[in-house]
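# Structural description and commentary
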Amino acid sequence: MSVKPITSHSQFISIIMEEGKTVIVDFVSERCPHCKAIAPTFDELANKFSSDKIEFYVIDAEKVDDVSFEVGGITSYPTFIAFKDGNKMEESTFGAARERLQKFVEKYCSS
């Protein structure tokens, strides 16, 4: 499976509220060079780890700004947030650091 886009607030809510599922969301901006640089890595990790228990999404935080507001405000890009059963588990911003993104994802794939 690959990274799937979130294009609306209602879609976001229905995705993160799925019981028993971990969702990792990449909050990006079209103008962000780090977002473009890390996207292939996020896609690679999604292809490797996606399952019935974990899914990967991307959202343009500037276009769907009500979702950005809902999660407490996105102040830097890219921002990765892990959700489980509708709860925000962790938020990380580390630019285009491939190894840090991989560790972040692997933590949620092993739980």
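The structure we're discussing is the one just above.
First, a word on what this report is: a plain description of the structure on this page. No experiment lies behind these values; they were computed from the predicted model shown.

The next point concerns helix H4 (residues 98-109). Here H4 contains 12 residues, and its C-alpha end-to-end distance of 16 Å stays within 8% of the 16 Å for a straight helix at 1.5 Å per residue. Within H4, the full set of buried residues consists of Leu101, Phe104, Val105 and Tyr108. Projected onto a plane normal to the axis of H4, the buried residues spread over an arc of 90° and lie on a single side. With respect to the buried face of H4, the exposed residues turned more than 90 degrees away are Glu99 and Lys103. Against strand E2 (22-28), helix H2 (33-49), strand E3 (54-60), strand E4 (79-84) and strand E5 (87-92) lie the buried residues of H4.

Tracing the chain through its elements places Lys21 in the loop between helix H1 (9-16) and E2. Setting aside anything within four residues of it in sequence, one finds Lys21 in contact with Asp52, Lys53, Ile54, Glu55, Phe83, Lys84 and Asp85.

Turning to the pattern of salt bridges, a few remarks are in order. For the structure shown, the criterion picks out 8 salt bridges. Between Glu55 and Lys4 there is a salt bridge, with the nearest N and O atoms lying 3.7 Å from each other. Within this pair, whereas Glu55 is found in strand E3, its partner Lys4 is found in strand E1 (residues 4-5), the two being separated by 51 residues in sequence. Relative accessible area serves as the criterion here: at 8%, Glu55 is assigned to the buried category. Residue class for Lys4 comes out partly exposed when judged on its relative accessible area of 26%. Residues Lys88 and Glu91 are paired through a salt bridge, measuring 2.6 Å at the closest nitrogen-oxygen approach.

Moving on to the sheet that holds E2. Taking strand neighbours across the sheet as the criterion, the 5 strands line up as E1-E3-E2-E4-E5 in an open arrangement whose pairing is mixed. Looking at which strands have only one partner, the edges of the open sheet turn out to be E1 and E5. Here E2 runs beside E3; their pairing, made up of 7 bridges, is parallel. Within the sheet, the bridge partner assigned to Asp26 lies in E3 and is Val58.

This paragraph deals with the packing of aromatic side chains. Two aromatic rings are characterised by how far apart their centres lie and by the angle between their planes. A full pass over the atoms with the stated rule returns 6 aromatic pairs. An angle of 55° between the planes, with centres 5.3 Å apart, marks the rings of Phe42 and Phe80 as tilted. Of this pair, Phe42 sits in helix H2 while Phe80 sits in strand E4; the two residues are 38 residues apart in sequence, bridging distant segments of the chain. Looking at Phe42, the relative accessible area reads 1%, which means it is buried.

Criteria and thresholds
Residues numbered from 1 in each chain as written. Predicted model: local features only at pLDDT ≥ 70, side-chain atom pairs only at ≥ 80, totals over all residues. Heavy atoms only, no water. Helix = DSSP H or I, 4+ residues; strand = E, 2+ residues; numbered from the N terminus. Expected span 1.5 Å × (residues − 1). Buried < 20%, exposed > 50% of the residue type's maximum accessible area, 1.4 Å probe, protein only. Arc of directions from axis to C-beta. Contact = heavy atoms within 4.5 Å. Salt bridge = Lys/Arg side-chain N within 4 Å of Asp/Glu carboxyl O. Pairing = 2+ DSSP bridges. Phe/Tyr/Trp six-rings, centres within 6.5 Å; stacked < 30°, edge-to-face > 60°.

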